[in-house]
Amino acid sequence: MKNTLLVAVAALAIALPVTAPVSAQTETPAPSPNEIVNMAAPEEWIEIPAEDLLVMTLAPDADGNERTVVIQLMPAPFSQGWVHNIRLFARSGWYDGISVNRVQDNYVTQWGDPNYDNPEAAGEAKSLPEGLKVMGEDEYVVPVNDEMREKFASVLSSAFSSGAGEGPRGWAVYAPADSDAVEQMRKAESYLARDPYSQFNLAYLGWPVAFGDLFDAWPVHCYGMVGVGRNYSPDTGSGAELYTVIGHAPRHLDRNIALVGRVISGMEHLSSLPRGSGALGFYTEEEAHKRTPILSVRVAADLPEDERPLFEYLSTEGETFARYAEARANRRDPFFIVPAGGADICNIPVPVRPFEYAVEE
């Protein structure tokens, strides 16, 4: 083993010690994951900056109902070149008037210019705005840095102090091999299950992240994550075409395509669209009427203040999230009979909720 040690536990592909459902042992039922989240203190919720939110307005549905999708963009250090491009596309108005062109069942919904790199393209593609960045394939991953390591240490502290059960309950630590933390870290290893797609998984800054070889990290393709469509390598995509995962997590795409965000509101408007019958779920020429027009995409910070969506996520470094992650891995609330003893990283979604500012009277 190298002279550093990185251990992740619980909110991963986790193997945890299980006990009988609390409801069978006592008269008080064990709280569900949602109940645990609802008990979180206000200071454990972190507001998402308006600069990190995209508001995508689709054409009304067949009944005339409005359809709005809110996307949270990926924070640094992940995918920042692509995120820069996406803000540029939105602020230039380039996304206005594009459409959903591909819906592949149990896979992805994809949108962009129907005449850009589309098998059924029938017209001339839009000109791309100036100032776009070009990224290399090495930018699909980022090096693990000191800031990440500090986060890991605080997360492990929360995991041990959460009271969720025996042993650590969620997260990771980085420390020199001769440090006092090694004893705890070795204890944590007894609960560790390796992820088949990476060395370890955990939530970092509120996002599902995988780690490989203990030195690099990348975001994970979970349901609702948003990625950048691209052509064959070495093309990495500009952000002109985007997709969201609408099915089982396609983890084989990790490190092969840039992930740039996640849908945090309005996912039903993208997951329920009619499937395409063309190659890879693209709509055929005869199915052009199935394409859903996208009226506009705006950075929330550019909207009038009273029109900006307000969302916050539960800190993944606090004790509440550690308890929540453990409860997702071992459901003990009344409906469940046998605790599962583990959960995939994508089965422990980071809670996100809308909120309103309190008005002082």
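The rules behind the values
Residues numbered from 1 in each chain as written. Predicted model: local features only at pLDDT ≥ 70, side-chain atom pairs only at ≥ 80, totals over all residues. Heavy atoms only, no water. Helix = DSSP H or I, 4+ residues; strand = E, 2+ residues; numbered from the N terminus. Buried < 20%, exposed > 50% of the residue type's maximum accessible area, 1.4 Å probe, protein only. Contact = heavy atoms within 4.5 Å. Areas by Shrake-Rupley, 256 points an atom, 1.4 Å probe, with all protein chains shown as cover. Pairing = 2+ DSSP bridges. Axes fitted to C-alpha atoms, helices over the stretch in contact; angles between N-to-C directions. Disulfide = S-S within 2.5 Å.

A.B. asks: Tell me what's going on with the overall build of the protein, and back it up with residues and numbers.
C.D. replies: Along the protein, the regular secondary structure elements total seven helices and 17 strands. Expressed as a percentage of the 361 residues in the protein, the buried residues total 52%. Sequence-distant contacts, at least 24 apart, represent 72% of the contacts inside the protein between residues at least 6 apart. As displayed, the protein offers around 16700 Å² of accessible surface, 50% of which is attributable to carbon and sulfur atoms.

A.B. asks: Would you mind going over the sheet that holds strand β7 (residues 142–143) in detail, with residue names and values included?
C.D. replies: Ordered in space as β7-β11-β10-β9, the four strands form an open sheet in which the pairing is antiparallel. Bordering the open sheet on either side are β7 and β9 (200–204), each of which pairs with just one other strand.

A.B. asks: Give a description of unusual backbone geometry that names residues and reports values.
C.D. replies: Of the consecutive residues Ala76 and Pro77, the connecting peptide bond is found in the cis state with omega at 10 degrees. Note on placement: Pro77 falls in the loop between β4 (67–73) and α3 (80–92). Residues Ser233 and Pro234 are joined by a peptide bond in cis, for which omega reads 15 degrees. Tracing the backbone through its elements, the reader meets Pro234 in the loop between β12 (225–228) and β13 (242–245). Even without being glycine, Leu205 reaches a positive phi, approximately 55 degrees. Within the secondary structure, Leu205 sits in the loop between β9 and β10 (207–212). Its identity is not glycine, yet Arg255 carries a phi of approximately 70 degrees, on the positive side. Its place among the elements puts Arg255 in the loop between β13 and β14 (259–265).

A.B. asks: How would you summarise the sheet that holds strand β17 (residues 352–354) if you had to cite specific residues and measurements?
C.D. replies: Paired through backbone hydrogen bonds, the strands of a sheet run either parallel or antiparallel to each other. Strand order across the open sheet formed by three strands is β2-β16-β17, with antiparallel pairing between neighbours. Single-partner strands in this sheet number two, and they are β2 (45–47) and β17. The average angle at which neighbouring strand axes cross in this sheet is 35 degrees, direction not considered. Sheet analysis places strand β16 (residues 311–314) next to β17, joined by three bridges and oriented antiparallel. Bridge pairing links Phe311 to Pro354 in β17.

A.B. asks: Account for the environment of Ala240, naming residues and giving values.
C.D. replies: By secondary structure assignment, the location of Ala240 is in the loop between β12 and β13. Judged by relative accessible area, Ala240 falls into the buried class, the value being 2%. Once you skip the residues sitting within four places of it in the chain, Ala240 turns out to touch Phe89, Trp94, Tyr95, Trp111, Gly112, Tyr116 and Leu128.

A.B. asks: Lay out the state of the cysteines in plain terms, naming residues and giving numbers.
C.D. replies: Linking two cysteines covalently through their sulfur atoms gives a disulfide. For the coordinates displayed, the defined rule picks out one disulfide. In this model Cys222 forms its disulfide with Cys346; the gap between the sulfur atoms is 2.0 Å. One quick way to see it: the torsion about the S-S bond of Cys222 and Cys346 is about -80 degrees, and its sign makes the bridge left-handed. Of this pair, Cys222 sits in the loop between β11 (216–219) and β12 while Cys346 sits in the loop between α7 (319–329) and β17, and the two are 124 residues apart along the sequence. On the basis of relative accessibility, which here comes to 7%, the residue Cys222 falls in the buried class.

A.B. asks: Help me get a handle on the pairing of β13, residues and values and all.
C.D. replies: The side-chain alternation of β13 yields two buried faces, one formed by Leu242 and Thr244 and the other by Tyr243 and Val245. Two strands pair when backbone bridges link them, and strand β6 (residues 108–112) and β13 are joined in this way by four bridges, in the antiparallel orientation. Opposite Trp111, over in β13, you have Leu242 as the bridge partner. As paired elements, β12 and β13 share three bridges and run antiparallel to each other. What sits directly across from Gly227, in β13, is Tyr243.

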